[in-house]
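Summary of structural features
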Amino acid sequence: AAELEDGYSIKYTKFLIVLGDIRVADEAGEGAAEDASFYLVNHVEPGVKDIVAFDGVPAGSYGLVSYQTSPAARDAIKLVGSVTAADADFMAQNQYHAYVEGTIEKGGVSKSFKWGFSEPTLLDECEGERDGKVTPGVVVTEGGTDAVELTIHGDHFFYDDLQAAEAKLRAEAIVSADANQDGVIELAELDAVALTSLPPDQYGTGGASDVNNLGDFVRFLSRTLGHYRGEGECFVKNPE
């Protein structure tokens, strides 16, 4: 609650995300390693999850690293950690790249949500801090390794701006969207909230001209979950 501007607290009980199609190349685009598989992770399970290791990559700098958070066919999805085959079936059948369940609480009031997202996303030209310096891609030393974290930021669903660096975390507008007051916030209810009805200093869309309601806003944010080496950034694109 201390991290949200309006004092709400958020707890995820399920946070499934599909990520994969990991590619490593040099600045000339020459591929060094790639893995076309997709991996399903439940991020309420604590700790770092091992996904893939590329052996035999020659020493050098590989400035072009990309991965996707996109829906995938069932036979392309590999299970990581505590996820089950039923989870993978669910994600593939619904063509979700992310699915979250949880609660939003404040002052004894609790609302639940179950949201699924189907937004194919390529996270390209990733860069992040390595040895105290922002570094594109990966650097493999002679006889050594470079361990990279593909980081998922679960707080992004509650940002109040799509692009501003000073975006704040808020939940009031989302909680208020529960129009039928049944205690469950549906994506369809978020779709009914026009951004023009919200405070003018909140829910800015920047250059995203096709985002006009709160549902589309949250769907757009679902494409921004993926980062690189913690706080590092990637370019968000549509997969080819």
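The preceding data block contains the structure.
Here is what the cut-offs are and how they apply
- Residues numbered from 1 in each chain as written.
- Predicted model: local features only at pLDDT ≥ 70, side-chain atom pairs only at ≥ 80, totals over all residues.
- Heavy atoms only, no water.
- Salt bridge = Lys/Arg side-chain N within 4 Å of Asp/Glu carboxyl O.
- Buried < 20%, exposed > 50% of the residue type's maximum accessible area, 1.4 Å probe, protein only.
- Helix = DSSP H or I, 4+ residues; strand = E, 2+ residues; numbered from the N terminus.
- Arc of directions from axis to C-beta.
- Contact = heavy atoms within 4.5 Å.
- Disulfide = S-S within 2.5 Å.

Further remarks concern the pattern of salt bridges. Under the defined criterion, the tally for this structure stands at 13 salt bridges. Of the charged contacts, one joins Asp21 and Arg23 as a salt bridge, the two residues approaching to 2.9 Å between their closest N and O atoms. Residue classification places Asp21 among the buried residues on the basis of a relative accessible area of 11%. The exposure class of Arg23 is partly exposed, given its relative accessible area of 34%. Taking the shortest distance from any N to any O, the salt bridge between Asp146 and Arg130 comes out at 3.1 Å. Taken as a pair, Asp146 in the loop between strand E10 (138–140) and strand E11 (150–152) and Arg130 in strand E8 (residues 122–130) lie far apart in primary sequence, 16 residues in all. Salt bridges here are not isolated pairs; linked through shared partners, they connect Arg130, Asp131, Asp146 and Arg229.

Next up on the list: helix H1 (residues 85–94). Among all positions of H1, only Asp87, Ala88, Met91 and Ala92 are buried. Axial view of H1: buried residues confined to an arc of 125 degrees, hence all on one face. Facing away from the buried side of H1, by more than 90 degrees, are the exposed residues Ala86 and Gln93. Structurally, H1 contributes buried residues whose contacts are with strand E1 (9–25), strand E2 (31–42), strand E5 (77–79) and strand E6 (98–106). Of the residues flanking the end of H1, it is Gln95, one or two places downstream, whose phi is positive at about 55 degrees.

Okay, the state of the cysteines next. Summed over all chains, the structure comprises one disulfide. At a sulfur-sulfur separation of 2.1 Å, the disulfide partner of Cys126 is Cys234. Taking the sign of the torsion about the S-S bond as the criterion, the disulfide between Cys126 and Cys234, at about 110 degrees, is right-handed. Taken together, the residues span a long stretch of sequence, with Cys126 in strand E8 and Cys234 in strand E14 (residues 233–237) at a distance of 108 residues. Grouping residues by exposure puts Cys126 and Cys234 together as buried.

The set of residues buried in helix H4 (residues 214–221) consists of Leu214, Gly215, Phe217, Val218 and Leu221. The buried residues of H4 all sit within an arc of 160 degrees when viewed along its axis, so they share a single face. Buried residues along H4 sit in contact with strand E7 (109–117), helix H2 (172–176) and helix H3 (187–191).

A few words now on unusual backbone geometry. Phi at Gln95 is positive, roughly 55 degrees, even though this residue is not glycine. Structurally, Gln95 is set in the loop between H1 and E6. Backbone geometry places Arg229, a non-glycine residue, at a positive phi of 55 degrees. Along the chain, Arg229 falls in the loop between strand E13 (226–228) and E14.

Bear in mind that shape data such as this cannot, by itself, settle questions of function.
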